[in-house]
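Chain by chain, the residues run as shown.
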Amino acid sequence: MEKLKRTLTRIDNKGYKAYKDLEGKTYTFPDFELCFYYVQGDPFAGPSQAAVRVEQKRAQFPPATYEPKIRKIALGDYLTRELSKQIKRVCKGRRGTGKSGLLAVDSPGQEILERSSVTVNKEYVEARFFIGLPARGRKVLGKQAEEMLFTELPELIKRTLFFSALDRNPLINHIKTAENQESMRNELREKGLVAFVANDAILPRRSGVDQRPLPRDQAVTFTSPPSLEVELSPPHGEKILGMGIPGGITLIVGGGYHGKSTLLRALERGVYNHIPGDGREYIVTVEDAVKIRAEDGRRVCKVNISPFIDNLPMKVDTTTFFSEDASGSTSQAANIIEALEIGTSLLLLDEDTSATNFMIRDERMQRLVEKNKEPITPFLDKVRDIYRDLGISTVIVMGGSGDYFDASDTVIMMDHYYAYDVTGDAKRVAEDYPRNRASEGGEGFGELTPRIVGKKGLDPVKGKKKKISAKGLYNIQYGAQNLSLFYLEQLVDAAQTRAIGDIINYVAEQYINESITLKKAIDLAFHDIYEKGLDVISPFYGEHPGDYSLPRPQEVAGAFNRLRSLHIK
Ligand SMILES: Nc1ncnc2c1ncn2[C@@H]1O[C@H](COP(=O)(O)OP(=O)(O)OP(=O)(O)O)[C@@H](O)[C@H]1O
Ligand SMILES: [Mg+2]
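Since this is a predicted model, take the numbers as computed values, not measurements.

Conventions used here
- Residues numbered from 1 in each chain as written.
- Chains lettered and ligands numbered in written order.
- Predicted model: local features only at pLDDT ≥ 70, side-chain atom pairs only at ≥ 80, totals over all residues.
- Heavy atoms only, no water.
- Core = buried A, V, L, I, M, F, W, Y, C linked by side-chain atoms within 4.5 Å.
- Buried < 20%, exposed > 50% of the residue type's maximum accessible area, 1.4 Å probe, protein only.
- Helix = DSSP H or I, 4+ residues; strand = E, 2+ residues; numbered from the N terminus.
- Contact = heavy atoms within 4.5 Å.
- Salt bridge = Lys/Arg side-chain N within 4 Å of Asp/Glu carboxyl O.
- Pairing = 2+ DSSP bridges.
- Axes fitted to C-alpha atoms, helices over the stretch in contact; angles between N-to-C directions.

**Student:** What's the story with the nonpolar core in this structure? I'm lost.
**Tutor:** If you look at the biggest cluster of nonpolar residues, it comprises 56 residues, and the most contacted ones within it are Tyr 19, Leu 34, Phe 36, Phe 61, Phe 129 and Leu 149. Secondary structure elements with two or more residues in this core: helix 1 (2-11), strand 2 (33-38), strand 3 (48-55), helix 3 (69-90), strand 6 (118-120), strand 7 (124-131), helix 4 (142-160) and helix 5 (168-190). The element best represented in this core is helix 3, accounting for 9 residues. Not counting the four nearest positions on each side in its chain, Leu 34 is found in contact with Leu 4, Lys 25, Thr 26, Tyr 27, Phe 29, Ala 50, Ala 51, Val 52, Leu 149 and Leu 153. Judged by nonpolar contacts, the second largest core, of 41 residues, contains Phe 308, Phe 321, Ala 333 and Leu 380.

**Student:** I'm lost on the pattern of salt bridges in this one. Help?
**Tutor:** Pairing between side chains becomes possible if they bear opposite charge and their charged atoms approach one another. In this structure the tally under the stated criterion is 53 salt bridges. Here Asp 288 makes a salt bridge to Arg 189, at a shortest N to O gap of 3.5 Å. With Asp 288 in the loop between strand 17 (283-285) and strand 18 (290-292) and Arg 189 in helix 5, this residue pair connects regions lying 99 residues apart in the sequence. When its relative accessible area of 13% is taken as the criterion, Asp 288 is described as buried. Connected through shared salt-bridge partners, Asp 77, Arg 81, Asp 106, Arg 115, Asp 493, Arg 498 and Asp 547 make up one network.

**Student:** I tried to follow the sheet that holds strand 17 on my own but got confused; where do I start?
**Tutor:** Hydrogen bonds between backbone atoms are what pair the strands of a sheet, whose relative direction is either parallel or antiparallel. As summarised here, the arrangement of the 4 strands in space is 13-14-10-17, forming an open sheet in which the pairing is antiparallel. One side of each edge strand has no neighbouring strand; the edge strands of this open sheet are strand 13 (229-232) and strand 17. Across the sheet, the mean angle from the axis of one strand to that of its neighbour is 35°, orientation sign disregarded. Pairing geometry for strand 10 (residues 193-198) and strand 17, over 3 bridges, is antiparallel. Among the inter-strand pairings, Val 197 is bridged to a residue of strand 17, identified as Ile 283.

This is the structure we're talking about:
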């Protein structure tokens, strides 16, 4: 600590590069160790990265707060939020030029995710910060740096990284809520369900760009239709009642603006655990559920979409379908096949974001445009095969076509934001108004073809350097290309996006070879992350990046599939 003080005095008013003296050094304070992993070369450059480590002897977090793993994830998530909150209270903030005075941790949203920002284990608690070392112009402001590192930082640590300093109830509640959700998600399979929406949940969000809940007095809270009501038994607290969506094919119908898409979006995000107060805490969906949508313009690289589409104009091969500019129907077909390839047990579709001709083809259209002139077998004719042959369930929002009644097991109607079970009514309507459309697509779902990825095109070089940088939630600069993940609707945290960029590179370097499938390569990377933690994906392993959160294999595969430079052997 004294040495750090002396260094700051010595470099005061020198050129900014003098701060580089701190890089790679560890300084011992009375309560913690401070280590600078990376020091910025310029006040305008990306901020410096440092970590603070408090020995568990002092921090005194009881093992029950970080074992088993789900608690460790929840505690790390909680402490990250707490740090964020306390930084606003304790730190003066920006001062001087560029990023001067900045002290920050990663800032989480509504989901409880595994994060690299805070780690807790038997030995220590470690928090990782971004620090804008202060400057005036390009000169070191030693006194300001001293204030940051010797006053603000220790105060912040004192308030957040010691168990005794923390407010007990919200911390325990955060952990219990996460553990309940995890356990309820596991309970789904035992009960033959694919999703669960608890009574009293709040589904609508504040706005299209704000994931916080609509205030309770403005929302209709959820109530299960009696016939679909089930009870789950989380480990903490009372049993929870709500709507269980059984395996099979489920339709969500209802009038426009009555809450159909809102319910589906809640299911999409039910693959993640939510923070207390989110309103969706007890909405859980099987963890590998994938939202499917049309995405015309995307690139598709040698995907076997023949179960849905064959006989394209110009004799384009649909068993290894390739397009730099896929159409609505072909992009949606590819999205489904790719979801099956990486693994899923539930598909989620909304008519709002689907290609109409991919979803339905009615009797009149069958008469006007004969099957030999229509390459598409609509999803309607495949949805049962997907369940019967592959055991994969589907939930579809479909307010526009009753043709799906025959194919479905459960029909939920949204009416003024209330849910009703109208399965019986829908079956009666289907009997009273039989359709004359012919089934298409033959027997069975069709063939699935695993793909082997080539190494070519996966090196993220730009000029002579490697360049991987995430920009917000949806964009990754990967080498010279801009990878857009805008249509991966289950990507929820910019820290996941950062991780995805580095995971692509990690998979490419470690596992892509002549004979490995895309799924296998991604699975191996996730195994490493599971064993060694998120740090393993950093290209500067050992430098402790503080801003990753764990994505799902589904989104990582989604990113691979959207790389414009992807090669399939
Ligand atoms: N339970 C609820 N309480 C209050 N507002 C809600 C509730 N559910 C949804 N909303 C709001 O109602 C509006 C319409 O919801 P949503 O988009 O789900 O309708 P929809 O049935 O999918 O309509 P469309 O058929 O036009 O696509 C949204 O602004 C949404 O936030
Ligand atoms: Mg809608």
